[in-house]
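# Coordinate inspection notes
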Amino acid sequence: MKLSDFDFDLPEDLIATRPAVPRSSARMLVGAGNAIHDQVVTDLVDWLSPGDLLVLNDTRVIPARLPGTRTRMSAQGETQARIEATLLEPRADGTWGALLKPLKKVKVGETIVFTDDLSAVLEAVADGQGQLRFNLTGDDFDAALAQAGAMPLPPYIAAKRPADAQDKTDYQTVWARNSGAVAAPTASLHFDDALLAALDACGVKRTFVTLHVGAGTFLPGKVDDVTQHRMHAEWGQVGAEAADAIAETKAAGGRVIPVGTTALRLIETMGRDTGLVPWEGDTDIFIYPGFEFTVADGLMTNFHLPRSTLMMLVAALMGQDRITRIYDHAVRERYRFFSYGDASLLLPQTSASKST
């Protein structure tokens, strides 16, 4: 397998910069076995059965992009430089890993001021990242970050427009509760209260896991031999309630359908490490064609970047030929791509809509 096997041509105007309104009105391509169906997200109730289980990621995206200023005194007087920090992940020692732009404008030991209340000292630099120690912690830090920060929109959206107040709602799931992600589990952005109520009425179950999505989710593959790629690690947890729900669904013959590649990677990590029992830790599982799925019976996801590890994941689930046909169809039918785009429901085994 070569990286080029997961490439495709995508017209620039198919990259969505705003989500559908309402959320569940987005289009949804259903790949069921060898067939392709053009649907909308509200049709999800027609493709799931009573006793099926949706696995949802309840991570909460933090407003991780922080504009600030560095002030430096020298013999020539006071100089200032604008610094943008994008928080990546909290560390065990209480600091935050961050991308600093421009990194060369700030030195270790200097303070970056973001607001009157929020500042951070650059304690170290390694591998192109800074290590920041903020002046606030706990709830005080969360409150100050909410005021100072902007949503860390993916690079392909940020290149077209800056994040704004609407993104603080749009780039967050309706069930988000555990803060720590710097990217949204975007397939879940299609769900609203009306869709959840319709799924409840149909007897479709749901459970929650947590995986704090990192900025590495947007990184393209960099090695031509994909088997040599090394995934970034992300922290996740499958609690007892979720593990039990998955085990009970499997025992009863229902399908386990993760919503988003993050939820899929997490439950497959659990399946490999502990079986269907609770799991917590850092996962760097890399799913590419040839992977043997032990937990997921399908996947609801958005459309992914060419040459990305997420393209490799959906090819592993559906098969390379089928996923190529699905993406060719999506481009031809002008589905909207990436984080604010349309959805796909991928069911490897032949399945028919309940309405047909």
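Up top is the structure.
It should be emphasised that the depicted structure is a prediction, and the values quoted were computed from it without experimental measurement.

## Quick word on helix α6 (residues 240-252)
- Given a rise of 1.5 Å per residue, 13 residues ought to cover 18 Å, and the 18 Å separating the end C-alpha atoms of α6 matches this to within 8%.
- All buried positions along α6 are accounted for by A242, A243, A245, I246 and T249. Here the buried residues of α6 occupy an arc of 160 degrees about the axis, which is enough to place them on one side. With respect to the buried face of α6, the exposed residues turned more than 90 degrees away are E241, E248, A251 and A252.
- Where α6 is buried, its residues meet β3 (53-57), β12 (205-211), β13 (234-238), β14 (256-258) and α7 (261-273).
- Trailing α6 by a residue or two, G253 shows a phi angle of about 85 degrees, which is positive.

## Some points on the packing of aromatic side chains
- Summed over the entire model, instances satisfying the criterion amount to 16 aromatic pairs.
- Between F8 and F337, the ring centres sit 6.1 Å apart and the planes meet at 40 degrees, which makes this aromatic pair tilted. Pair noted here: F8 is in the segment before β1 (27-32) and F337 is in the loop between α9 (320-332) and β17 (343-347), with a separation of 329 residues, a long-range link.
- Judged by its relative accessible area of 14%, F8 is buried.
- Note on F337: relative accessible area 0%, which makes it buried.
- On the basis of an interplanar angle of 75 degrees and a centroid distance of 4.9 Å, the ring pair of F291 and F293 is categorised as edge-to-face.

## Thoughts on the sheet that holds β3
- One open sheet accounts for 5 strands, arranged β14-β3-β12-β13-β15; its pairing is mixed. At either margin of the open sheet sits one strand with a lone partner, and together these are β14 and β15 (279-283). When the angles between neighbouring strand axes are averaged without regard to direction, this sheet yields 25 degrees.
- Packing against the sheet, α7 makes contact with β3, β12, β13, β14 and β15, and its axis sits at approximately 115 degrees to β15.

## Some details on the pattern of salt bridges
- In the structure shown here, the tally under the stated rule is 16 salt bridges.
- Among the ionic pairs, R255 bridges to D52, the shortest N-O distance being 2.8 Å. Of this pair, R255 sits in the loop between α6 and β14 while D52 sits in the loop between α1 (44-47) and β3, placing them 203 residues apart in sequence. When sorted by exposure, R255 lands in the same class as D52, which is buried.
- Taking the shortest distance from any N to any O, the salt bridge between D342 and R336 comes out at 3.9 Å.
- A relative accessible area of 25% means that R336 is categorised as partly exposed.

## A word on the sheet that holds strand β2 (residues 35-40)
- Pairing is mixed in the open sheet, where 4 strands are placed in the order β2-β1-β17-β16. Each having just a single partner strand, β2 and β16 (299-302) make up the two edges of the open sheet. Geometrically, the sheet is characterised by an average inter-axis angle of 20 degrees between neighbouring strands, direction not taken into account.
- In terms of strand pairing, β1 meets β2 through 6 bridges, oriented antiparallel.

## Let's talk about the nonpolar core
- Among the nonpolar cores identified, the biggest contains 62 residues, and Y171, Y327 and F337 are the most heavily contacted of them.
- Going through the elements one at a time, β3, α3 (155-158), β12, α6, α7, α8 (309-318) and α9 are the ones with two or more residues in this core.
- The dominant element in this core, judged by the number of residues it contributes, is α8, at 8 residues.

## Side note on the side chain of T186
- Within the fold, T186 resides in the loop between β11 (178-181) and α5 (193-201).
- With relative accessibility at 15%, the residue T186 sits in the buried group.

## A look at unusual backbone geometry
- Following V21, the chain continues into P22 via a peptide bond in cis, with omega recorded as -5 degrees.
- The residue P22 is located in the segment before β1 in this model.
- For the bond running from K101 to P102, omega is -5 degrees, close enough to zero to count as cis.
- With respect to the element layout, P102 can be found in the loop between β7 (96-101) and β8 (111-113).
- One non-glycine residue, D127, lies in the positive phi region at around 55 degrees.
- You can see D127 is positioned in the loop between β9 (119-126) and β10 (129-134).
- With relative accessibility at 80%, the residue D127 sits in the exposed group.

Calculation notes
- Residues numbered from 1 in each chain as written.
- Predicted model: local features only at pLDDT ≥ 70, side-chain atom pairs only at ≥ 80, totals over all residues.
- Heavy atoms only, no water.
- Helix = DSSP H or I, 4+ residues; strand = E, 2+ residues; numbered from the N terminus.
- Expected span 1.5 Å × (residues − 1).
- Buried < 20%, exposed > 50% of the residue type's maximum accessible area, 1.4 Å probe, protein only.
- Arc of directions from axis to C-beta.
- Contact = heavy atoms within 4.5 Å.
- Phe/Tyr/Trp six-rings, centres within 6.5 Å; stacked < 30°, edge-to-face > 60°.
- Pairing = 2+ DSSP bridges.
- Axes fitted to C-alpha atoms, helices over the stretch in contact; angles between N-to-C directions.
- Salt bridge = Lys/Arg side-chain N within 4 Å of Asp/Glu carboxyl O.
- Core = buried A, V, L, I, M, F, W, Y, C linked by side-chain atoms within 4.5 Å.

That is the geometry; function is a separate question.
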